[in-house]
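Each chain is listed here by its residues.
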Amino acid sequence: MSDGAHVAIGGILFSRTPMALIREVLRARRRGLTLIRNLSCYEAELFMVAGGIERIVTAWMGIGLPWGVSKIMRHHVESGNVAFEEWSHLALGLRFRAAAMGLPFLPSLTMLGSDLMAVGGMKTLEDPYTGATLAAVPALFPDVALLHVHRADRFGNCQIDGYPHMDADIARAATTVLVTTEEIVPEEETRKHPDRTVIPGFAVDALVHVPFGSYPHECYGLYEADVEHFDEYAKGIDARGADAVSDYLERYVYAPATFTDYLDLFGGERLARQGKKARELT
Amino acid sequence: MSEYNAQELLAVVAARELRDDTTVFAGVGVPLLAAALAKQRQAPRLTMVIEGGIIGPEIAPGRLPISTNEMRAAFRATMLPAITDAFLFAQRGFVDVGFMGGAQIDQFGNINTSVLGGDYWKPKVRLPGTGGANDIASLCREIIIVTAHEKRRFVPKVDFITSPGWLAGDGSRGRAGLLFGGVSRVVTTLGTLGFDPVSRRMRIEAVHPGATIDKIRENTGFDLLDAPEISATPAPTADELAMLRALDPDRRFLG
């Protein structure tokens, strides 16, 4: 990944976030990135404080209702340091879908009449059959996609359990696709359940086996989001602002040399507890 | 009469708006609680559509989701489509009601959850953004806004239209290309507001217990019209409150 790359992040908010890959991009200290993610969680705050991004393309940014509006995001956007390019959730999804289909745009009824139209420069077009006004949602081809999946074989055929979010479209849309997986399965396993494969191996450029690769975010059926960790993180910002995020980067991103070292900061007991909660819910 | 707080009143009154055998797009917090309550009462065959790509979940009491994108929101769901496809059900006309909140709302039911003051790219206050709100407002057959009634929220004209209501009234929503939908009700902590069928300006339709028409006007930053008949909202019953509280025993969203 080069400085200035347009990077799409799979999963959504705190679900199936490719945390291990994000950690490595932060450790590589890339600059001038554009982050693209429909619901941006605090990974975008980490990039803002690390000085790695100049733009987010998103429908929403925060952790969730209980944590309020992101103070880090407000500071960086209100000062003009980072551009907040806002699209509606569906429109941004259709931007990936159009690219995934190899089309320059897709017609839609969403975002019409709103002030969001002007933000990303969305144009309208006339339906050639009825004359009706449609939004022409432009395709978005990210340079790089970062994704985390439940299982994949060594050829990169990927399967996702539970809600698929937008990962399948993102994988087709991006030029380079990097995937981490909870489990590497034999090719025979893929062939036994080909209906569950949502990303074909030919769309994947690199695959890494990283159990708990979304932690402390959730992975459907495997571990629930570690909300207490979010609380601690947010409390730190309430008390000390961006300094708390810098410390967080040091402790969770820069200091642990491997993802195993990183997971050790949470401890096996905690990971097992989150696993149990997930199994109760699915 | 039972005692209840503003959040409980909002959830109970909003729940009463939902009909059986319909579909509702609901976000987390009071909208989801209201939908879950309606499902336990008058609307057992209500299907919830959640923007994380979740259809037909049954929210487990005491395990309320804090996000529309987590396992708690998907408990016992009947379908988990990709997020884009969940919204496309609405674009196809399958979603009857969209339940939404809003930081700032104007007399035509337009909502702003993007920026307050200043230039868009360098705003005075940057809000979290639309999420799925714009899509819900654009594509559901009917929109019900659920919000606290505060003067600073109810402004003559929003700083930025994140989610379209009736735009500038007078047919402008249809002219923008939005084929159907529009805001039918605004359920607040003081009353239920609707819209004049011609001008599409906001009007008072019902007054909640403890509130008055004057109090509603005082807490609104623009002139409200009066509906031909203004009703009194029946107070939440003990039964409604008991069911609602059982859904959120930790008072995560009920305060």
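Residues numbered from 1 in each chain as written. Chains lettered and ligands numbered in written order. Predicted model: local features only at pLDDT ≥ 70, side-chain atom pairs only at ≥ 80, totals over all residues.

## Topic: the overall build of chain B
Across its full length, chain B holds seven helices and 13 strands. Look at the contacts in chain B between residues 6 or more apart in sequence, and 67% of them connect residues 24 or more apart. (Helix = DSSP H or I, 4+ residues; strand = E, 2+ residues; numbered from the N terminus. Contact = placed C-beta atoms within 7 Å.)

## Observations concerning the overall build of chain A
Check the secondary structure of chain A and you find eleven helices and 14 strands. Compactness check: chain A gives a C-alpha radius of gyration of 19 Å against a globular reference of 19 Å for 282 residues, within 12% of the reference. For chain A, the C-alpha atoms occupy an extent of roughly 60 × 50 × 35 Å along the three principal directions. (Rg over C-alpha atoms; globule rule 2.2 N^0.38 Å.)

## Some words on the interface of chain B and chain A
Contacts between the two partners involve 47 residues from chain B, matched on the other side by 56 residues from chain A. Elements with a minimum of two residues in the side of chain B that touches chain A: α3 (83-91), β8 (122-126) and α4 (133-139) of chain B. Looking at the side of chain B that touches chain A residue by residue, the classes come out as 23 nonpolar, 17 polar and seven charged. (Nonpolar A, V, L, I, M, F, W, Y, C, P; charged D, E, K, R; others polar.)

## Observations concerning the pairing of strand β9 (residues 133-138) of chain A
Residue and element names in this part refer to chain A. In the sheet, strand β7 (residues 105-108) pairs with β9 via four bridges, with the strands oriented antiparallel. Bridged to Leu106 within β9 is Val137. As judged from the four bridges shared by strand β8 (residues 123-126) and β9, these two strands associate in the antiparallel manner. By the bridge assignment for β9, Leu125 is matched with Leu134. Between the end of β8 and the start of β9, which pair antiparallel, lie six residues, with Gly131 showing a positive phi angle near 85°. (Pairing = 2+ DSSP bridges.)

## Brief notes about the nonpolar core
Judged by nonpolar contacts, the single largest core of 166 residues is most densely connected at B:Ala14, B:Ala34, B:Ala35 and B:Phe99. In this structure, B:Ala14 is in contact with B:Val30, B:Pro31, B:Ala34, B:Phe99, B:Ile144, B:Val146 and B:Val187, ignoring residues within four places of it in sequence. (Core = buried A, V, L, I, M, F, W, Y, C linked by C-beta atoms within 7 Å. Buried ≥ 20, exposed ≤ 12 C-beta atoms within 10 Å, placed from the backbone.)

## With respect to the sheet that holds β9(A)
Residues and elements named next belong to chain A. Pairing is antiparallel in the open sheet, where three strands are placed in the order β7-β9-β8. Edge positions in the sheet fall to β7 and β8, since each of these pairs with one other strand and no more. The average angle at which neighbouring strand axes cross in this sheet is 40°, direction not considered. Relative to the sheet, helix α4 (residues 89-100) contacts β7 and β9, its axis offset from that of β7 by approximately 140°. (Axes fitted to C-alpha atoms, helices over the stretch in contact; angles between N-to-C directions.)

## Considerations on the packing of helix α1 (residues 6-16) of chain B against helix α7 (residues 238-247) of chain B
Residue and element names in this part refer to chain B. Interhelical geometry of α1 versus α7 gives an angle of 105° and a closest axis separation of 10 Å. With respect to their mutual orientation, α1 and α7 come out roughly perpendicular. The segment α1 lies against α7, with Glu8, Ala11 and Val12 engaging Glu240, Leu241 and Leu244. Partitioned by chemical class, the residues of the contact of α1 with α7 number four nonpolar, no polar and two charged. (Parallel < 35°, antiparallel > 145°, perpendicular 65-115°, else oblique.)

## Things to note about the packing of helix α2 (residues 30-40) of chain B against α7(B)
Residues and elements named next belong to chain B. Two numbers describe how α2 lies on α7: the axes approach to 10 Å, and their chain directions differ by 125°. The angle between α2 and α7 falls in the class oblique. Crossing handedness for the pair α2 and α7: right-handed. Facing α2, whose interface residues are Leu33, Ala36, Leu37 and Gln40, α7 presents Glu240, Met243, Leu244 and Leu247. Class assignment of the residues belonging to the contact of α2 with α7 gives a composition of six nonpolar, one polar and one charged. (Left-handed = near helix turned anticlockwise from the far one by under 90°.)

## Some words on the pairing of strand β13 (residues 225-232) of chain B
Residue and element names in this part refer to chain B. Counting buried positions along β13 gives zero out of eight residues, so the element sits mostly on the surface. Pairing geometry for strand β12 (residues 202-207) and β13, over four bridges, is parallel. When the sheet's bridge partners are listed, Arg203 is paired in β13 with Leu225. Assessed by its sense of winding, the connection that carries the chain from β12 through helix α6 (residues 213-218) to β13 is right-handed. (Right-handed = clockwise from strand over helix to strand, strands pointing away.)

## Details of α3(B)
By the burial criterion, the buried members of α3(B) are B:Ile83, B:Thr84, B:Ala86, B:Phe87, B:Leu88 and B:Ala90. Buried-residue contacts for α3(B) involve α4 and α6 (167-173) of chain A together with β1 (23-26), β2 (47-50) and α4 of chain B.

## Some thoughts on α1(B)
Residue and element names in this part refer to chain B. For α1, a buried count of nine out of eleven residues is recorded, marking the element as mostly surrounded by other parts of the structure. Taken together, the buried positions of α1 are Glu8, Leu9, Leu10, Ala11, Val12, Val13, Ala14, Ala15 and Arg16. Check the buried side of α1 and you find it contacts α2, β4 (97-100), β9 (142-147), β10 (183-188), β11 (191-195) and α7.

## Comments concerning the environment of A:Ala203
All names here are of chain A. Among the structural elements, Ala203 can be located in the loop between β13 (197-199) and β14 (206-209). Separated by 26 residues in sequence, Ala203 and Val177 place their C-alpha atoms 7.0 Å apart. Once residues within four sequence positions are removed from consideration, Ala203 is found in contact with Ala171, Arg172 and Val177.

## A word on the environment of B:Pro57
All names here are of chain B. Along the chain, Pro57 turns up in the loop between β3 (54-55) and α3. With 45 residues separating them in the primary sequence, Pro57 and Val12 have C-alpha atoms 20 Å apart. Beyond its immediate stretch of four places on either side in the chain, Pro57 contacts Met48, Ile50, Ala73, Ala74, Phe75, Arg76 and Ala77.

## What about the environment of A:Arg270?
Here A:Arg270 shows up in helix α11 (residues 268-281). A tally of 17 C-beta atoms within 10 Å means that A:Arg270 is categorised as partly exposed.

## Examining the sheet that holds β11(B)
Residues and elements named next belong to chain B. Strand order in this open sheet of nine strands is β3-β2-β1-β4-β9-β10-β11-β12-β13, and the pairing throughout is mixed. Looking at the sheet topology across the chains shown, the edges are occupied by β3 and β13. In this sheet, β9 lies alongside β4 in parallel orientation, the contact comprising four bridges. In the strand pairing of β9, Phe99 is matched with Ile144.

## Some details on the confidence of the model for chain B
Looking at chain B, pLDDT values average 96 and 99% of them are 70 or higher. Interface confidence for the predicted complex, expressed as ipTM, amounts to 0.97; the pTM equals 0.97. (pLDDT = per-residue confidence, 0-100.)

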